[in-house]
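Summary of structural features
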Amino acid sequence: MRLSIFVGCFVVAAIAVHFGVVPSGVGGSNVVWVILLALVLSAPLSFVLLRKQRDEMSEQLVSSVDRAKARLEANRTREDGVTP
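Scope of this entry: the structure provided in the associated data block. Treat the numbers as computed from the prediction; the structure is a model and nothing was measured.

Some details on the overall build of the protein chain
- A count of helical and extended segments in the protein chain gives three helices and zero strands.
- Starting at the N terminus and walking to the C terminus, you meet the elements of the protein chain as α-α-α.
- Counting only contacts in the protein chain whose residues sit at least 6 apart along the sequence, the fraction spanning at least 24 positions is 59%.
- By element, 69% of the accessible surface of the protein chain is carried by carbon and sulfur atoms, the whole surface being about 6,700 Å².

Things to note about the pattern of salt bridges
- Summed over the entire model, instances satisfying the criterion amount to one salt bridge.
- Across the salt bridge formed by E73 and R76, the nearest N and O atoms sit 2.6 Å from each other. With E73 and R76 both in helix 3 (residues 51-81), this residue pair falls three residues apart, about one helical turn.
- Look at E73 and you get partly exposed, because its relative accessible area is 37%.
- According to the relative accessible area criterion, R76 is partly exposed, its value standing at 43%.

What about helix 1 (residues 2-18)?
- Helix length check: helix 1, at 17 residues, gives a terminal C-alpha distance of 24 Å against a target of 24 Å (1.5 Å per residue), a fit within 8%.
- Its buried side turned inward, helix 1 meets helix 2 (30-49).
- One or two steps after helix 1, the chain reaches G20, where phi turns positive at roughly 80°.

Things to note about the nonpolar core
- Core analysis: the biggest nonpolar cluster contains five residues, these being I5, F6, C9, A38 and L50.
- The element contributing the most residues to this core is helix 1, with three residues.
- The residues touching C9, leaving out its near neighbours within four places in the chain, are A38, L41, S42 and L45.

Here's the deal with the packing of aromatic side chains
- Applying the stated criterion across every chain, the model contains one aromatic pair.
- Between F6 and F10 the ring centres are 6.4 Å apart and the planes differ by 35°, which places this aromatic pair in the tilted class. A residue pair is termed a helical-turn pair when its members lie 3 or 4 positions apart in one helix, as F6 and F10 do in helix 1 at four residues.

What to know about helix 2
- Compared with the 28 Å implied by 1.5 Å per residue over 20 residues, the 28 Å span of helix 2 between its first and last C-alpha is a close match.
- The sharpest bend along helix 2 comes to roughly 25°, located at S42, with the proline P44 sitting one to four residues further on.
- Restricting attention to buried positions, one finds in helix 2 the residues V34, L37, A38, S42 and S46.

Reading guide: rules and limits
- Residues numbered from 1 in each chain as written.
- Predicted model: local features only at pLDDT ≥ 70, side-chain atom pairs only at ≥ 80, totals over all residues.
- Heavy atoms only, no water.
- Helix = DSSP H or I, 4+ residues; strand = E, 2+ residues; numbered from the N terminus.
- Contact = heavy atoms within 4.5 Å.
- Areas by Shrake-Rupley, 256 points an atom, 1.4 Å probe, with all protein chains shown as cover.
- Salt bridge = Lys/Arg side-chain N within 4 Å of Asp/Glu carboxyl O.
- Buried < 20%, exposed > 50% of the residue type's maximum accessible area, 1.4 Å probe, protein only.
- Expected span 1.5 Å × (residues − 1).
- Core = buried A, V, L, I, M, F, W, Y, C linked by side-chain atoms within 4.5 Å.
- Phe/Tyr/Trp six-rings, centres within 6.5 Å; stacked < 30°, edge-to-face > 60°.
- Bend = angle between axes of the 7 residues up to and from the residue.

This is how it looks when you write it as structure tokens:
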């Protein structure tokens, strides 16, 4: 998803540079300039558009970590309960 947002921004930036809406790079740096413009445009768009997906992934990670902590705690208390 992030890659598709970047590619879309790259196409928009390339068209804007081609038609003179945005100034082109100096000398042969036109491709680098378009890539930088696409990065600058896609970063905030991705932050806003992918927020729901990022929140869902965070919830999955938190639940996985909580389960792992619970298993570790159960193993630790089981070992502490055994006395020779």
